[in-house]
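# Architecture at a glance
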Amino acid sequence: MDNQEYGKVSKEIRNYKIARMNVLLFIVFTVLNLFMLLIDRYFLFSVYTVLVCFATGFGLKEAAIEAGAASPNLYLGIGIAFGLAILAVFFVMWLLSKKRRWAMIVLLVLFSLDSAVVLGGMIYLGDFTMLIDLAIHGVMLYYLILGVKASGELQKHFPEGVSLTVERLDEAYRLETRSCDGRASERYCGRRSGSRRKDR
């Protein structure tokens, strides 16, 4: 592993970490906006589909009350249940993405669908203030694509895959620069050892 390869791998690890941090930020802002929904306020961005489920639940409850339905809270409960289920899927995928590449791919698909919902809502409601939310979703998709690409490179070249950390990479790099004969560095020395055999 030369300095150029080391720098490339470090960048891929960083891109994957940034993607995961952005997903967590979206989840945190979504929870914040769920509380702000009670005072009819919205802060920057969120997993929009979750808020749609909650808002739909509140709307159906009010409609049921006006219609004199027996259990208006049932509609609210259904909306909240769907919203929490979607949010839980995002959170579980975020947790799994720490060691599973496929979870990051699922997150990319989920955020793509959520972005489509934002776009559809903006067009349907004619609310172009949602452009900010849509733009942030676009940035999020960009980082998720980088994360998926990074995970592919890490999975391809390292046994640890996406669980490879900069600390482990540094340790392997130090061991390799000293010697490629020890067991601890054996799995990282394939290319270098191969090039040495060719030179001989």
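Residues numbered from 1 in each chain as written. Predicted model: local features only at pLDDT ≥ 70, side-chain atom pairs only at ≥ 80, totals over all residues. Heavy atoms only, no water.

### Examining the pattern of salt bridges
Tallying each qualifying case throughout the model produces one salt bridge. For Glu12, the salt bridge goes to Lys149, with nearest N and O atoms at 3.8 Å. Here Glu12 is found in helix 1 (residues 3-36), whereas its partner Lys149 is found in helix 5 (residues 131-157), with 137 residues between them in sequence. (Salt bridge = Lys/Arg side-chain N within 4 Å of Asp/Glu carboxyl O. Helix = DSSP H or I, 4+ residues; strand = E, 2+ residues; numbered from the N terminus.)

### Quick notes on the nonpolar core
Core analysis: the largest hydrophobic core is formed by 28 residues, its most contacted members being Val23, Phe90, Met104, Leu107, Phe111 and Leu144. Going through the elements one at a time, helix 1, helix 2 (48-67), helix 3 (72-96), helix 4 (101-125) and helix 5 are the ones with two or more residues in this core. Tallying contributions element by element places helix 1 first for this core, with seven residues. Residues Val9, Ile13, Phe158 and Leu164 belong to the second largest nonpolar core, which totals five residues. (Core = buried A, V, L, I, M, F, W, Y, C linked by side-chain atoms within 4.5 Å. Buried < 20%, exposed > 50% of the residue type's maximum accessible area, 1.4 Å probe, protein only.)

### Notes on the environment of Glu153
Residue position: Glu153 is located in helix 5. In sequence terms Glu153 and Lys8 are 145 residues apart; their C-alpha atoms lie 9.8 Å from each other. Ignoring sequence-local partners within four residues, the contact set of Glu153 consists of Lys8 and Glu12. (Contact = heavy atoms within 4.5 Å.)

### Quick word on the environment of Glu160
Looking at the element boundaries, Glu160 is found in the loop between helix 5 and helix 6 (166-178). C-alpha separation for the pair Glu160 and Lys99, spaced 61 residues apart in sequence, amounts to 8.4 Å.

### Points about the packing of aromatic side chains
Describing an aromatic ring pair means giving the distance of the ring centres and the angle of the ring planes. Overall, the coordinates contain seven aromatic pairs when judged by the stated rule. Arranged with centres 5.1 Å apart and planes meeting at 80°, the rings of Phe26 and Phe111 form a pair that is edge-to-face. Here Phe26 is found in helix 1, whereas its partner Phe111 is found in helix 4, with 85 residues between them in sequence. For the pair shown, Phe26 and Phe111 are each scored as buried. Relative to Trp94, the ring of Phe91 lies with its centre 5.8 Å away and its plane at 25°, an arrangement referred to as stacked. In this pair, Phe91 and Trp94 both sit in helix 3, three residues apart, roughly one turn of the helix. Among the residues examined, Phe91 registers a relative accessible area of 36% and is labelled partly exposed. (Phe/Tyr/Trp six-rings, centres within 6.5 Å; stacked < 30°, edge-to-face > 60°.)

### Brief notes about the packing of helix 2 against helix 4
Axis separation between helix 2 and helix 4 bottoms out at 8 Å; the angle between their running directions is 55°. Classified by the angle between their axes, helix 2 and helix 4 sit oblique to one another. Where helix 2 abuts helix 4, its residues Tyr48, Thr49 and Val52 lie against Asp114, Val117, Val118 and Leu125. Here the contact of helix 2 with helix 4 is built from residues that sort into five nonpolar, one polar and one charged. (Axes fitted to C-alpha atoms, helices over the stretch in contact; angles between N-to-C directions. Parallel < 35°, antiparallel > 145°, perpendicular 65-115°, else oblique. Nonpolar A, V, L, I, M, F, W, Y, C, P; charged D, E, K, R; others polar.)

### Some thoughts on the layout of surface pockets
There is about 490 Å³ of room inside the largest pocket. Lining the largest pocket are 17 residues, and of these Leu37, Asp40, Arg41, Tyr42 and Leu51 sit closest to its centre. Taken together, the elements giving at least two residues each to the lining of the largest pocket come down to helix 2 and helix 5. The dominant element in the lining of the largest pocket, judged by the number of residues it contributes, is helix 2, at five residues. Tallied by class, the residues present in the lining of the largest pocket amount to twelve nonpolar, one polar and four charged. (1 Å grid on protein atoms, 1.4 Å probe; cavity = no way out; pocket = protein on both sides within 12 Å on 5 of 7 lines; lining within 4 Å. Points joined across faces, edges and corners; volume = space filled by probe spheres on them.)

### As for helix 2
End to end, helix 2 covers 28 Å across 20 residues, agreeing with the expected 28 Å (1.5 Å per residue, within 8%). Every buried residue belonging to helix 2 is among Tyr48, Val50, Leu51, Cys53, Phe54, Gly57 and Ala64, and all of these are buried. In the segment just after helix 2, Gly68 is the residue with positive phi, at about 75°. (Expected span 1.5 Å × (residues − 1).)

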